[in-house]
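# A closer look at the structure
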Amino acid sequence: ARTAGRQGLTGPVPLFRPALPALTFSVGGRLRAGAAVAARYVFRGTQLGPFGELAATGRKIRITGILVAHFASGLIHEAFSAFDSGEMMRQLGVD
């Protein structure tokens, strides 16, 4: 998903917090090219609350994604993030 500015980058987090209250992110490898940075990340959590229409499952998830960010004046100006949402749903027990 393409985002712009701080709100665009952090905006989706509240969608996950009720379902995965102890959600953690870790950043792996990073590459820099000019004003752009690409980073591999992993997020982990246990689904303890509802996620959309999916009731709490108590299942743990571990999902890898990638973020490409473009900086201007030392701040993220625009970013693109992608992860396998189908794999996340499989880990939550949804086929």
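Refer to the preceding data block for the structure.
Counting restarts for each chain, with residues numbered from 1 along the sequence as it is written. Given that this is a predicted model, residues contribute local features only at a pLDDT of at least 70 and side-chain atom pairs are listed and counted only at 80 or more, while totals for whole chains, interfaces and linings are drawn from all residues. Computation of side-chain values covers all heavy atoms of the structure but excludes hydrogens and water.

### Looking at the overall build of the chain
Filter applied, for reference: Only runs of H or I of at least four residues qualify as helices and only runs of E of at least two qualify as strands under DSSP, and these elements are numbered from the N terminus. Any two residues whose heavy atoms approach within 4.5 Å are treated as being in contact. Note on areas: Shrake-Rupley with a 1.4 Å probe; residue coverage comes only from the protein chains shown.
Broken down by element type, the chain carries three helices and five strands. For the chain, the N- to C-terminal ordering of α and β elements is β-α-α-β-β-β-β-α. Considering only contacts in the chain between residues 6 or more positions apart, those separated by 24 or more positions represent 50%. Accessible area for the chain stands at about 6,200 Å²; split by element, carbon and sulfur atoms hold 61% of it.

### Notes on the pairing of strand β5 (residues 75-83)
Test applied: What makes two strands pair is DSSP finding at least two bridges between them.
Sheet topology note: the strand β4 (residues 60-72)/β5 ladder contains eight bridges and is antiparallel. Within β5, the position partnered with Gly65 by the bridge is Phe83.

### Comments concerning unusual backbone geometry
Of note, the phi angle at Ser73 is positive, near 55°, even though the residue is not glycine. As for its placement among the helices and strands, Ser73 is situated in the loop between β4 and β5.

### Observations regarding the packing of aromatic side chains
In this description, a pair of aromatic rings is defined by centroid distance and the angle of the planes. Defined as follows: The pairing test for Phe, Tyr and Trp rings, Trp by its six-membered ring, is centres within 6.5 Å, and the orientation test on the planes gives stacked under 30 degrees, edge-to-face over 60, and tilted for anything in between.
By the definition in use, this model includes seven aromatic pairs. An angle of 65° between the planes, with centres 6.0 Å apart, marks the rings of Phe16 and Phe43 as edge-to-face. Highlighted residues: Phe16 in helix α2 (residues 13-16) and Phe43 in strand β3 (residues 36-46), separated in sequence by 27 residues. Between Phe16 and Phe83 the ring centres are 6.3 Å apart and the planes differ by 65°, which places this aromatic pair in the edge-to-face class.

### Things to note about the pattern of salt bridges
Where we set the bar: Salt-bridge detection follows one rule: a side-chain nitrogen of Lys or Arg within 4 Å of a carboxyl oxygen of Asp or Glu. With a 1.4 Å probe rolled over the protein chains alone, any residue whose accessible area is under 20% of its type maximum counts as buried; one over 50% counts as exposed, and the rest are partly exposed.
Overall, the coordinates contain two salt bridges when judged by the stated rule. Notably, a salt bridge pairs Asp84 with Arg90, separated by 3.9 Å at the nearest N-O pair. A residue is classified by how much of its surface remains accessible, and Arg90, at 47% relative accessible area, is partly exposed. Through salt bridges with shared partners, a single network forms among Asp84, Glu87 and Arg90.

### Notes on the environment of Gly52
Mapped onto the secondary structure, Gly52 falls in the loop between β3 and β4. Overall, the relative accessible area of 72% leaves Gly52 in the exposed class. Along the backbone, Gly52 and Leu15 are 37 residues apart, and their C-alpha atoms lie at a distance of 8.6 Å.

### Regarding the side chain of Gln47
Secondary-structure assignment places Gln47 in the loop between β3 and β4. With sequence-adjacent residues up to four places away left out, Gln47 is seen in contact with Ala19, Leu20, Leu54, Ala55, Ala56, Thr57, Gly58, Arg59 and Leu92.

### Some words on the pairing of β3
Bridging between strand β2 (residues 24-33) and β3 involves eight bridges; their strand directions are antiparallel. The residue bridging Thr24 from the neighbouring strand is Arg44, located in β3. Taken together, β2 and the strand that follows it, β3, pair antiparallel across an intervening segment of two residues, in which Gly34 is found at a positive phi of about 60°. As paired elements, β3 and β4 share eleven bridges and run antiparallel to each other. In the sheet register, Ala36 faces β4, and the bridge partner there is His70.

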